[in-house]
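Descriptive structure summary
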Amino acid sequence: MRNPSNETPDGLTPDSPPHVPERTCVLSRSKGTRNELIRLALGPDGQIAPDVRARAPGRGAWIGVSRAQLDEANQSGKLKAALQRAFKTSDIDVSADLGERVEAALRQNALDRLGMEARAGNIATGFDRIEAAARSGKVALLIHAADAASDGRRALEQAHRVGARDAGGAVKGMIFPEDRTILSMALGRDNVVHVALTNPAAASRVQHALGRWRGFTDPDCGPEGGEPALGAVSTEAILTKD
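About the criteria used
Residues numbered from 1 in each chain as written. Predicted model: local features only at pLDDT ≥ 70, side-chain atom pairs only at ≥ 80, totals over all residues. Heavy atoms only, no water. Helix = DSSP H or I, 4+ residues; strand = E, 2+ residues; numbered from the N terminus. Buried < 20%, exposed > 50% of the residue type's maximum accessible area, 1.4 Å probe, protein only. Contact = heavy atoms within 4.5 Å. Areas by Shrake-Rupley, 256 points an atom, 1.4 Å probe, with all protein chains shown as cover. Salt bridge = Lys/Arg side-chain N within 4 Å of Asp/Glu carboxyl O. Core = buried A, V, L, I, M, F, W, Y, C linked by side-chain atoms within 4.5 Å. Polar contact = N/O pair within 3.5 Å; in protein donor to acceptor, adjacent residues only side chain to side chain. Arc of directions from axis to C-beta.

The subject of this paragraph is the overall build of the protein. Scanning the protein for helices and strands turns up nine helices and nine strands. Taken over 242 residues, the protein has a buried fraction of 42%. Contacts spanning at least 24 positions in sequence make up 70% of the contacts within the protein whose residues lie at least 6 apart. Of the roughly 12800 Å² of accessible surface on the protein, a fraction of 48% belongs to carbon and sulfur atoms.

Another point: the pattern of salt bridges. Tallied over the entire structure, the rule returns ten salt bridges. Of the charged contacts in the structure, one is a salt bridge between Arg67 and Asp71, with a shortest N-O distance of 2.7 Å. Separated by four residues within a single helix, Arg67 and Asp71 lie in helix H1 (residues 67-76), roughly one turn from each other. By relative accessible area, Arg67 is classed as partly exposed at 23%. Exposure remark for Asp71: the relative accessible area of 25% places this residue in the partly exposed category. Note that Glu117 is salt-bridged to Arg205, the shortest N-O span being 2.7 Å. Of the two residues, Glu117 sits in helix H3 (residues 98-119) while Arg205 sits in helix H7 (residues 200-217), which places them 88 residues apart along the sequence. In this structure Glu117 comes out as buried when scored by relative accessible area, which is 2%. Through salt bridges with shared partners, a single ionic network connects Arg67, Asp71 and Glu103.

Within the largest apolar cluster, 46 residues are counted, with the highest numbers of intra-cluster contacts made by Leu27, Ile48, Leu83, Ile143, Phe176 and Leu197. With near-sequence residues (within four places) excluded, Ile143 lies in contact with Leu114, Met174, Phe176, Val193, His194, Val195, Leu197, Val206 and Leu210.

Our next topic: the side chain of Asn74. Mapped onto the elements, Asn74 comes out in helix H1. The class for Asn74 is buried, based on a relative accessible area of 14%. Of the polar contacts made by the side chain of Asn74, one reaches the backbone oxygen of Ser95; its length is 2.9 Å. Once you skip the residues sitting within four places of it in the chain, Asn74 turns out to touch Leu79, Val94, Ser95, Ala96 and Leu98.

Here we take up the environment of Leu141. Residue position: Leu141 is located in strand S7 (residues 141-144). Sequence spacing of Leu141 and Val171 is 30 residues, and the spatial spacing of their C-alpha atoms is 9.3 Å. Once you skip the residues sitting within four places of it in the chain, Leu141 turns out to touch Met174, Val195, Ala196, Leu197, Ala203, Val206 and Gln207.

As a further point, take helix H2 (residues 78-87). Among the residues of H2, Leu79, Ala82, Leu83 and Phe87 are the ones counted as buried. Along the long axis of H2, the arc covered by the buried residues comes to 120°, so they all point the same way. Buried-residue contacts for H2 involve strand S3 (38-42), strand S4 (48-51), strand S5 (60-63), H1 and H3. Note on H2: the residue one or two positions beyond its end, Lys88, has a positive phi of about 55°.

Below you can see the structure in the form of structure tokens.
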């Protein structure tokens, strides 16, 4: 006989993972969660604006393509047509610089996330401090500025592998898309070349924010640079879609 106490009202057991709704990219038709795709919001004046945190009120549509794919679809008129279908209105204004605005919003979101984690005490900086934390297994995510010297990167990544007991070399650092000046400004500190996230939850949040930014600008950047864009299909497939 079935035990009702072992099931939730919707028929799931207590150990079942929660259902995460999926959205669909209006261009590639790929599917993903709200954390994987990028929301575009329709303003009351018909303007389309990036809403990378998915918090803007009103109606939204989702994209899961790269900056290059979005720009080409916008230039060809495919993006506007797709958004008109999604919003069920022809009163839509898609600016020519939408791709640039989406990239800027993803960049700012990543910088803001780094700043918040720094203020929360979840970030370590300074080569010696990071190396010690890495060797003791206390580093959840290692980040290098784009202009970090290769020997410094290698040394810290080796320390990270030692602490993580990674004999296979799978553990690597993540490349920050800009140089130490921007990384330092994001953290409110001087001359930051390397960053270590010491809290696993904070590391996940930062990796996600950086991955979305890198995935949009460079969908082939791979695990060292971030998560590839979910909808990184060929541009030709998008532009020839009916």
